[in-house]
Amino acid sequence: MSAHPLRRWLAERVPIPMEELRKPLREELPVHLRGWAVWLGGTPLILFGIQVVTGILLTFYYRPDPVRAFESVRRITLAMRFGWLIRSLHQNAGQLMIIALFLHMIRVFVTRAYRRPRELTWVFGMALFLLTLGFGFTGYSLVYDSLSYWATTVGTNLLGDVPVVGHQLLWLLRGGPDVSPNTLARFYNFHIGVLPTLMVLAITAHLVLVRLHGVARLEGDRRHETYDFFPEHVLREAAIALVLLLGLVVYASARPPGLGVPADPTFTPPHIRPEWYFFPSYRWLKLVPMQVGIWTSAGFVGCMMFWPWVDAGLERLAPGRRLGTWLGSAGFAFTLALLVWEALS
Amino acid sequence: MSVTAQKLVVALLSLALVAALVAAGSVDARRQAEARKHAEAMLDDAAQPQIARGRAVYTKYSCNACHAAGGTGGIMNLNAESGGKVNGLLHLSESYRPAELAEKIRNGVPTVGKGDPTGPDPPLHMPPYRDLIAGQEMRDLVAYLMSLRPPPGEAKSSAW
Ligand code: HEM
């Protein structure tokens, strides 16, 4: 091999076995991933990448201090060059990420790719989902307009009703009994420090597991052909990334982000609502008594978290009846119904 | 799809993205211009608080209803001698001294000259503000009106 002199120089000083490292890129993927399923796992990853880049740019001008937060968002939106674009990308890629995760979960659920030995891939996946919701909640509160301020107040209030540790949880999150300057500092820290760190760790674990197991073959799929991760799969992902960016930029130019009313702790606006992806739990908690709501929600999320084992248990209970698929679909339909209900009311 | 076709798709999409970013650039330029104008207005107001107060008096008493925001005029006034429209207030500093202007506002313009002598009376006239505006408000309003100037391009053409 006639390596470039520069490459030889580098290989001598930094003796990384490049051939070894290239192996992961030679992964062979089952052909079904060529189809629609490829959209789903890679998409949240791309969107997360967009979030990291735009998020870093936003931190250059955002000020996590109740007196200046709203003003700094206004400055980003109206005065900074391309601030409106960066802010719009960050907002909308965040929304898309949640939709993409939802679709990815549905595909994994329907193809039952979470079953032994891939249970932990699912558990890390669920952790990623919850972390993403955490990003959404903390991020929304940073805007510090009237709606986001009150969504934060009401959202954190819920924690206070958690049995036994509720009070401590509330205090931990708010940094005091009320939503205060401490709260904003904490949410900012979670949003740009704690959550991203956990996210990167969990994504790494998730992808390492996916890679170690290889992507699951479809049940009953007799095809044995595979295709290469590189360049074919990477090209597809690149195309998806470009389509997403294109859509986000065009949308931002057509409808640049607006500004709400600055937060006023002494005035509660009439329609407080969380972001749409919290609609299901919001509607559910309004529907049933608080304690019932909290316990059932915890049970629901726990069930999702440990779904591979729940499903296996149901399978042992009634082999071949696919009880798990029915139960999971019912749960999903119920969640969707609550979301639509809240959206329409 | 062959790998070559895929590469082509990726290349085309990249071009489209570049085009979208260029378009976003023009959106940004427009927003920057607006922001600059806004910032300048804020600066002006900070430097000349009396004029900012006067502008507020101007809208408080709805002068803008007939003379338009910023005193540019042009509201329809059928058969008025000033071209069928209420006149603008951009040239007051050329023909009035502050005391005269205040007097004009106090008295109003009860009859507006007809454009066509055989035509109908113009429906709008300038109401007297004698009982409404006085003291500091009048001084601020007059300062504001005296500060009005036609935009640079127009000044030259209307001078002739
Ligand atoms: C930031 C969030 C996430 C990223 C970046 C991500 C990424 C990926 C990628 C790239 C794959 C490869 C196969 C494919 O593309 O479909 C995959 C597979 C998988 N994901 Fe995720 N994922 C995320 C969240 C989740 C969530 C929320 C779940 C479920 C709760 C989940 C469960 C799984 C499972 C079980 C597999 C293995 C599927 C198989 O082997 O066929 N993931 N993930």
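Scroll up to find the structure.
Nothing here was measured: the structure is a model prediction, and the numbers come from that model. (Residues numbered from 1 in each chain as written. Chains lettered and ligands numbered in written order. Predicted model: local features only at pLDDT ≥ 70, side-chain atom pairs only at ≥ 80, totals over all residues. Heavy atoms only, no water.)

Chemist: It is not clear to me how the nonpolar core should be interpreted in this structure. Could you clarify?
Modeler: As a rule of thumb, nonpolar side chains are buried together in soluble globular proteins. Ranked by internal contacts, the top residues of the largest apolar core, which has 33 residues, are Leu47, Leu85, Met199 and Val249 of chain A. Elements with a contribution of two residues or more to this core: α3 (38-59), α5 (83-110), α6 (119-142), α9 (181-213) and α10 (229-254) of chain A together with α1 (3-47) of chain B. With 10 residues, α10 of chain A is the single largest residue contributor to this core. In contact with Met199 of chain A, other than residues within four places in its own chain, are Phe48, Met97, Leu128, Leu131, Thr132 and Phe135 of chain A. Within the second largest apolar cluster, 20 residues are counted, among which are Tyr58, Ile133, Val142 and Leu145 of chain B. (Core = buried A, V, L, I, M, F, W, Y, C linked by side-chain atoms within 4.5 Å. Buried < 20%, exposed > 50% of the residue type's maximum accessible area, 1.4 Å probe, protein only. Helix = DSSP H or I, 4+ residues; strand = E, 2+ residues; numbered from the N terminus. Contact = heavy atoms within 4.5 Å.)

Chemist: I tried to follow the interface of chain A and chain B on my own but got confused; where do I start?
Modeler: Many descriptions give the size of an interface as the accessible area lost when the pieces come together. Counting from both sides, the interface comprises 23 residues of chain A and, opposite them, 19 residues of chain B. Buried area between chain A and chain B, both sides added, is near 1800 Å², and the carbon and sulfur share of it is 69%. When the buried surface of chain A facing chain B is broken down by residue, Leu235, Leu242 and Leu246 of chain A rank first, second and third, together holding 30% of it. The interface formed by chain A and chain B includes 1 salt bridge. A salt bridge links Arg81 of chain A to Asp28 of chain B; its shortest N-O distance comes to 2.9 Å. If you look at where chain A meets chain B, you find 6 residue pairs in polar contact (both at pLDDT 80 or more). Elements with a contribution of two residues or more to the side of chain A that touches chain B: α4 (69-79), α5 and α10 of chain A. No other element matches the 13 residues that α10 of chain A contributes to the side of chain A that touches chain B. Its residues assigned to classes, the side of chain A that touches chain B comprises 18 nonpolar, 2 polar and 3 charged. (Buried area = accessible area lost by both parts, 1.4 Å probe. Salt bridge = Lys/Arg side-chain N within 4 Å of Asp/Glu carboxyl O. Polar contact = N/O pair within 3.5 Å; in protein donor to acceptor, adjacent residues only side chain to side chain. Nonpolar A, V, L, I, M, F, W, Y, C, P; charged D, E, K, R; others polar.)

Chemist: Which parts of the structure should I look at to understand the site of the ligand?
Modeler: Residue and element names in this part refer to chain A. Taken together, 22 residues form the shell around the ligand, and within it His104, Arg107, Gly125, His206 and Ala216 come nearest. In this structure, an oxygen atom belonging to the ligand sits 3.3 Å away from a main-chain N or O atom of Gly41. Take Arg107: an N or O atom from its side chain is 2.9 Å from an oxygen atom of the ligand. For the shell around the ligand, the elements supplying multiple residues, two or more each, are α3, α5, α6 and α9. Looking at the shell around the ligand, the element that brings in the most residues is α6, giving 6 residues. For the shell around the ligand, the residue count by class is 14 nonpolar, 6 polar and 2 charged. (Near = heavy atom within 4 Å.)

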